[in-house]
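Structural features, examined
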Amino acid sequence: MSLPSTHEAAARPLTLSEQADELEERMMHELDERIATKSVLFTLADGKVEMESGAALMAKNPGKLFLMGADPRLPKMPDKPQLIDFFRQRFASTNHLLQSATHALKAGHNEKVVLACLLHDIGVVGFIRCDHGYWGAQLIEPYVDEEVSWAIRVHQALRFFPDEAAGYAYPDLYRKYFGDDYQPEPYIVEEYKRARNHKHYMTARLICVNDIYSFDPNAKVNLDDFVDIIGRNFKQPKEGLGFDNTPSSHMWRTLMWPTRFL
Ligand SMILES: [Fe+2]
Ligand SMILES: [Fe+2]
């Protein structure tokens, strides 16, 4: 759809769809001077093993340079981003996390369990589904008690194994999603066996217990309710996540700048 003429636009407020068009046009203009690149992972997800060379992209976009910073199409991140900024500007959906954490809070669990529930699927909502427990744990490992990151790592495996005594049955949803005959891979089975005897087993199990009941479209949840728990249990670096030289700083930077050329 084309934008209304300046004269026409001045005469009446823009409709929502015109506002959206205007925003899109402004962002395309901001991106106009730069080429945003798609990494191989994004094309793999489209079922293609390929990448465009720098030279080919330059030839296609004469006179332009590659984007080497923030992508203007994405929500702007502050200079020193904190966990909350990623929740608000990068995580595609936070309702499931907030519901899970709210459930744990209401059940009277300690703050480590609540934080583990709040962060258990940040791998999914911010990064990638495959092995999301491992990715999520790696992201937060430098900033939380090892009980929290360990629990998030192994919830990946524990999800597939019931523990009726702890109140966790194999999810019906998994039968629906993966079929009755789905069997987890051997590395998941081994992870489960190791986790079963670990001192933090129950923390990981409680992620599963609070996870399964947490899909309620009508529940009222709010990130503000968890700001204090995050403040007490997540070591927010003063330089901002991504600029603090930890083993996962580069992962936060990649979430911030997913289309940088290098
Ligand atoms: Fe999960
Ligand atoms: Fe979950």
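Above this text you will find the structure in question.
Throughout what follows, the structure given in this document is the object of discussion. Worth saying up front: this structure is predicted, and the values here are computed from it rather than measured.

**What about the layout of surface pockets?**
The volume enclosed by the largest pocket comes to roughly 750 Å³. Together, 26 residues line the largest pocket, and Val124, Arg129, His132, Tyr174 and Phe178 are the ones closest to its centre. Of all the secondary structure elements, the ones that give two or more residues to the lining of the largest pocket are helix H6 (95-106), helix H8 (122-126), helix H10 (146-158), helix H11 (172-178), helix H12 (186-196) and helix H13 (201-212). Split by residue class, the lining of the largest pocket holds 15 nonpolar, five polar and six charged. Lining the second largest pocket are 17 residues, with Phe42, Gly126, Phe127, Leu255 and Pro258 positioned closest to its centre. Put simply, the parts of the chain that give the lining of the second largest pocket at least two residues each are helix H3 (40-44), H8 and helix H15 (249-256).

**Structural notes on the coordination of the iron ion (ligand 1)**
Summarising the metal site, the iron ion (ligand 1) is bound by the protein donors Asp121 (OD), His132 (NE2) and His155 (NE2), whose distances to it range over 2.1 to 2.2 Å. Ordering the donors of the iron ion (ligand 1) by residue number gives the pattern D-x10-H-x22-H. Here the iron ion (ligand 1) and the iron ion (ligand 2) are spaced 3.8 Å apart, with Asp121 acting as a shared donor. You can see His132 sitting in helix H9 (residues 132-140) and its partner His155 sitting in helix H10, a full 23 residues away along the chain. In this structure, His132 and His155 share a single accessibility class: buried.

**Notes on the coordination of the iron ion (ligand 2)**
Around the iron ion (ligand 2), the protein contributes the donor atoms His96 (NE2), His120 (NE2), Asp121 (OD), Asp211 (OD) and Asp211 (OD), at 2.1 to 2.6 Å from the metal centre. Sequence spacing among the residues donating to the iron ion (ligand 2) works out to H-x23-H-D-x89-D.

**A word on the nonpolar core**
In terms of nonpolar packing, the biggest core is built from 56 residues, with Leu118, Leu119, Ile140, Phe234 and Trp252 touching the most fellow members. When neighbours within four sequence positions are excluded, Leu118 is seen to be in contact with Phe87, Leu97, Leu98, Ala101, Phe226 and Ile230.

**So, the environment of Ile35**
Structurally, Ile35 is set in strand E1 (residues 34-35). Not counting residues within four places of it along the chain, the set of residues in contact with Ile35 comprises Leu57, Met58, Asn61, Lys64, Leu65, Phe66 and Leu67.

**Some words on the packing of aromatic side chains**
Scanning all chains against the criterion turns up 14 aromatic pairs. Centre to centre, the rings of Tyr177 and Phe178 are 6.1 Å apart; their planes meet at 75°, and the pair counts as edge-to-face. The rings of Phe160, Tyr170, Tyr174, Tyr177, Phe178 and Tyr182 are connected pair by pair, giving a single aromatic cluster.

What counts, and where the lines are drawn
Residues numbered from 1 in each chain as written. Chains lettered and ligands numbered in written order. Predicted model: local features only at pLDDT ≥ 70, side-chain atom pairs only at ≥ 80, totals over all residues. Heavy atoms only, no water. 1 Å grid on protein atoms, 1.4 Å probe; cavity = no way out; pocket = protein on both sides within 12 Å on 5 of 7 lines; lining within 4 Å. Points joined across faces, edges and corners; volume = space filled by probe spheres on them. Helix = DSSP H or I, 4+ residues; strand = E, 2+ residues; numbered from the N terminus. Nonpolar A, V, L, I, M, F, W, Y, C, P; charged D, E, K, R; others polar. Donors = N, O, S within 2.8 Å, 3.2 Å for Na, K, Ca; no water. Buried < 20%, exposed > 50% of the residue type's maximum accessible area, 1.4 Å probe, protein only. Core = buried A, V, L, I, M, F, W, Y, C linked by side-chain atoms within 4.5 Å. Contact = heavy atoms within 4.5 Å. Phe/Tyr/Trp six-rings, centres within 6.5 Å; stacked < 30°, edge-to-face > 60°.

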